[in-house]
Amino acid sequence: QTMCISDAGELVIACNDGCVVMTPDGNYFRLEVPADFTGLPEVSQVSSAGTWVGWARKNGSSCPLKWVDGVAAELPKPALNYRDEPIGDVQARGISADGRIVYGTTWDNLDFGMVYWKRDGGEWKVDYVGQDVHEIKPVKMLDAFGEEMDYNLADGIICTAEYTKISATGKWIAGSYRIETLADNRMDIVRTQYAAFYNTETETTTVVKDYGGSVGIHVTDDGIAFIGLGTMNLSSGVVYDLNTNTELGSVEEWVHDTYGIYVPTGYINSVSPDGRVIFGTMLDMTGTQDLITIGWYVAPPAEA
C-alpha cells in the first residue's frame, strides 16, 4: 500500500515486512526502527524536508517515531492517556510541511485522543491538542451485570487515522471536539462532536457548533478551516474563517469563488502550502448501491 510521498519524489510503500522508500532514480531503502523496538514500522506522513513520521511496537504497545535521513528516533508519550489513565498505544499521524510540529493519536480504549509534539529547545515535548478544553469527568457507571464501577468520561479533541489535519507551519491543527455524558441507564455513553481547530501558538481551541455533528478536516496557516458535515460517511463540507468566525460558503462555492473552477459536491482534505493545489473527496454510489469514495483535485494547468 502506498502511504505518502515527499516533495523529492520519495514514495513510501507499506509491505508485509516493513516500509520501503522508493526513490525517483529507481533505488530503494528500508526504514528501520530503533534497536529496542520489536515491531515493523508503519509510516503515516512526510514533511517537505523529508522527515517521515509513524510508529512501531515496543514492549507490547505502539510508540510514535520520526525518521530524519532514514534514521529513526522515538517521540515521547504523554504521561497519561486521554482519560487520565495509564498510557498505552500512541501513533504519530501527520507532520507540518516545514517539519516543526507532529500530531498523532492515543490509540487505546477506542478513545483516539489527539496529541502533538513540538520542539522546546533541543527536546520534543508532547501535549494534548486542545488541552484548554480537555476535561476529565469521573462517574459511577454500571457494567453489563449491573455492578457499579468507576469510569472517566472525557471531553476533548479527537481524531482517527487522518494524515492531513495540520497547517503548513503547524500553527493550526484540525480535529473534532467530542463531549461525553452518561446516559440515564448509567450503562451507556452519549457522545456529540463538533469541528474544532487548535492554535498551537496561542494554545487555544476554536469549537464550531454551527453545523451540529461535524469534523474539522484541514486548516491553513491563515485560519481558513475546512469542515465536513456529519461524523461518518461524509459527503459535503463548508469552508470557515476562524479569524472572523464566519462561513465562506460550501466547498463548491468557495472553490468557484477562489479558483473559478466547478468541483463536485464533497469536502476538502488538504490544501498545499502555497495554496495552489487542493485535494478533495466525494461520495458516489456504484451500480450495486455501495458507497465509494472518489478523490478530486484542483491544480494550475500544466506548463507547455
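These remarks concern the structure in this document. In this text the structure is predicted, and so the values were computed from the model without any measurement.

Some points on the overall build of the protein chain
Counting its regular elements, the protein chain contains one helix and 24 strands. For a compact globule of 304 residues, the expected C-alpha radius of gyration is about 19 Å, and the protein chain comes in at 20 Å, within 12% of that figure. Looking at the protein chain residue by residue over its 304 residues, the buried ones come to 48%. If you take every contact in the protein chain between residues at least 6 apart in sequence, the share linking residues at least 24 apart comes to 42%. With the model as given, the accessible surface of the protein chain reaches about 14,700 Å², and the carbon-plus-sulfur share is 51%. With 20 positive and 43 negative side-chain charges, the protein chain shows a spacing of 5 Å between the two charge centroids.

Side note on helix α1 (residues 251-259)
Along α1, the positions that sit buried rather than exposed are V251, W254 and V255. The arc that holds the buried residues of α1, viewed along the axis, is 95°, so those residues lie on one side. Following α1 by one or two positions, G260 adopts a phi angle in the positive range, close to 70°.

Section: the sheet that holds strand β15 (residues 172-182)
The strand order across the open sheet formed by five strands is β13-β14-β15-β16-β17, and the pairing between neighbours is antiparallel. This sheet does not close on itself; its edge strands, each paired only once, are β13 (135-142) and β17 (204-208). For this sheet the average axis-to-axis angle between neighbouring strands, irrespective of direction, equals 35°. Judged from the eleven bridges that link them, β15 and strand β16 (residues 189-199) form a sheet pairing that is antiparallel. Directly across from L182, in β16, lies its bridge partner I189.

Considering the state of the cysteines
Counting across every chain of the model gives zero disulfides. Between C19, a free cysteine, and C15, which holds the nearest cysteine sulfur, the sulfur-to-sulfur gap is 7.2 Å. Note on C19: relative accessible area 1%, which makes it buried.

A short note on the sheet that holds strand β1 (residues 2-5)
The antiparallel open sheet is built from four strands, whose spatial order is β1-β2-β3-β4. Strand pairing shows two members of the sheet lacking a second neighbour, β1 and β4 (28-30), which therefore form its edges. The sheet shows a mean angle of 25° between the axes of neighbouring strands, taken without regard to direction. One ladder, built from five bridges, connects strand β2 (residues 11-15) with strand β3 (residues 18-22); its direction is antiparallel. When the sheet's bridge partners are listed, L11 is paired in β3 with M22.

So, how was this worked out
All chains use their own residue numbering, which begins from 1 and follows the written sequence. The predicted nature of this model means local features are confined to residues of pLDDT at least 70 and side-chain atom pairs, given and counted, to a pLDDT of 80 or more, with totals for whole chains, interfaces and linings taken over all residues. Excluded from the side-chain calculation are hydrogens and water; included are all heavy atoms of the structure. Going along the chain from the N terminus, every DSSP run of H or I of four or more residues is numbered as a helix, and every run of E of two or more is numbered as a strand. Each radius of gyration is computed over the set of C-alpha atoms, and the globule rule expresses the reference value as 2.2 Å times the number of residues to the power 0.38. Each residue is placed in one exposure class: buried if its accessible area under a 1.4 Å probe, protein chains only, is under 20% of its type's maximum, exposed if it is over 50%, and partly exposed if it falls in between. Here, residues are in contact when the closest pair of their heavy atoms is within 4.5 Å. Computed with a 1.4 Å probe, the accessible areas rest on the Shrake-Rupley method; for each residue, only the protein chains presented here act as cover. Counted as positive: Lys and Arg. Counted as negative: Asp and Glu. His and the chain ends are not counted at all. Taken as the charge location is NZ of Lys, CZ of Arg, CG of Asp or CD of Glu. Arc definition: it is the arc formed by the directions from the helix axis to the C-beta atoms. Paired strands, in this sense, are two strands between which DSSP finds at least two bridges. Only the contacting stretch of a helix is used when fitting its axis, a line to C-alpha atoms as for every element, and angles between N-to-C directions run 0 to 180 degrees. We call a pair of cysteine sulfur atoms a disulfide when they lie within 2.5 Å.

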